Amino acid sequence: QVQVVESGGGLVQAGGSLRLSCAASGSISSIDSMGWYRQDPGNQRELVASITSGGSTNYADSVKGRFTISTDNTKNTVYLQMNSLKPEDTAVYYCKAIVVRGPGYTYQFWGQGTQVTVSS
């Protein structure tokens, strides 16, 4: 089995910064990609940023220029540096790891989520 654990959430004032971390562990031969998603009450979970094992990144338009995703492949860990935070960034942030299970076969694992609250 695979475990995905997030950390680093909290309360911050608007304009401040937070750094989220996510570590995947367990039965992992290789990881295809990892990403951060967020969800606030009443809304669907949305992609914030993702990164492939090759280093290609993708960001939601709302966070471009403010958030940076990075990874430490040796530790199966992904980070999300969040700067210039806004109240609308308030949400539960979830990490997803897409793990390679075999040729052309992957499976996704989710973390339990970490709360980010940005006060105005």
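A brief report on the enclosed structure follows. (Residues numbered from 1 in each chain as written. Predicted model: local features only at pLDDT ≥ 70, side-chain atom pairs only at ≥ 80, totals over all residues. Heavy atoms only, no water.)

1. Considerations on the packing of aromatic side chains
As a reminder, the rule being used: Side-chain rings of Phe, Tyr and Trp (the six-membered ring for Trp) are treated as a pair once their centres are within 6.5 Å; stacked means planes under 30 degrees apart, edge-to-face means over 60, and tilted covers the remaining angles. Here, over-ring charges are defined by two tests on the NZ atom of lysine or the CZ atom of arginine: distance to the ring centre within 6 Å, and angle to the ring normal within 35 degrees.
In the structure shown here, the tally under the stated rule is two aromatic pairs. Directly above the ring of Y79 sits R19, whose terminal nitrogen or CZ lies 4.1 Å from the centroid. One residue, R45, lies across the ring of W110, its end atom 4.7 Å from the ring centre.

2. Digging into unusual backbone geometry
Rule in force here: To qualify as a helix, a DSSP run of H or I must reach at least 4 residues; to qualify as a strand, a run of E must reach at least 2; elements of each kind are numbered from the N terminus. Relative accessibility decides the category of a residue: with a 1.4 Å probe and only protein chains considered, values under 20% of the type maximum give buried, values over 50% give exposed, and everything between is partly exposed.
A positive phi is found at N76, a non-glycine position, where the angle reads about 50°. By the secondary structure assignment, N76 is in the loop between β7 (67-72) and β8 (77-82). For N76, a relative accessible area of 23% puts it in the partly exposed group. Its identity is not glycine, yet S84 carries a phi of approximately 50°, on the positive side. Within the fold, S84 resides in the loop between β8 and β9 (91-102). Residue class for S84 comes out partly exposed when judged on its relative accessible area of 41%.

3. Quick word on the pairing of strand β3 (residues 18-26)
For clarity, the threshold we go by: A pair of strands is treated as paired once DSSP finds two or more bridges between them.
Across six bridges, the pairing between strand β1 (residues 2-7) and β3 is antiparallel. What sits directly across from E6, in β3, is C22. Of the pairings in the sheet, the one linking β3 to β8 comprises six bridges and is antiparallel in character. Its bridge partner being in β8, S21 is matched across the sheet by Y79.

4. What about the side chain of D72?
The following threshold applies: The charge count includes Lys and Arg as positive and Asp and Glu as negative, but it does not include His or the ends of the chains. The working definition used for a salt bridge is a side-chain nitrogen of Lys or Arg within 4 Å of a carboxyl oxygen of Asp or Glu. Any two residues whose heavy atoms approach within 4.5 Å are treated as being in contact.
With respect to the element layout, D72 can be found in strand β7. Among buried charged residues, D72 stands out as having no salt bridge; its nearest opposite-charge side chain is K75, 4.0 Å away. Excluding residues within four positions of it along the chain, D72 makes contact with T77 and Y79.

5. As for the sheet that holds β8
Selection criterion: Each axis is a line fitted through C-alpha atoms, and for a helix only the stretch in contact is used; angles between axes span 0 to 180 degrees, taken between their N-to-C directions.
The strand order across the open sheet formed by four strands is β1-β3-β8-β7, and the pairing between neighbours is antiparallel. Each edge of the open sheet carries a strand with a single partner, namely β1 and β7. For this sheet, the mean angle separating the axes of adjacent strands, direction not counted, is 15°. With six bridges connecting them, β7 and β8 associate as antiparallel partners. The residue bridging T68 from the neighbouring strand is Q81, located in β8.

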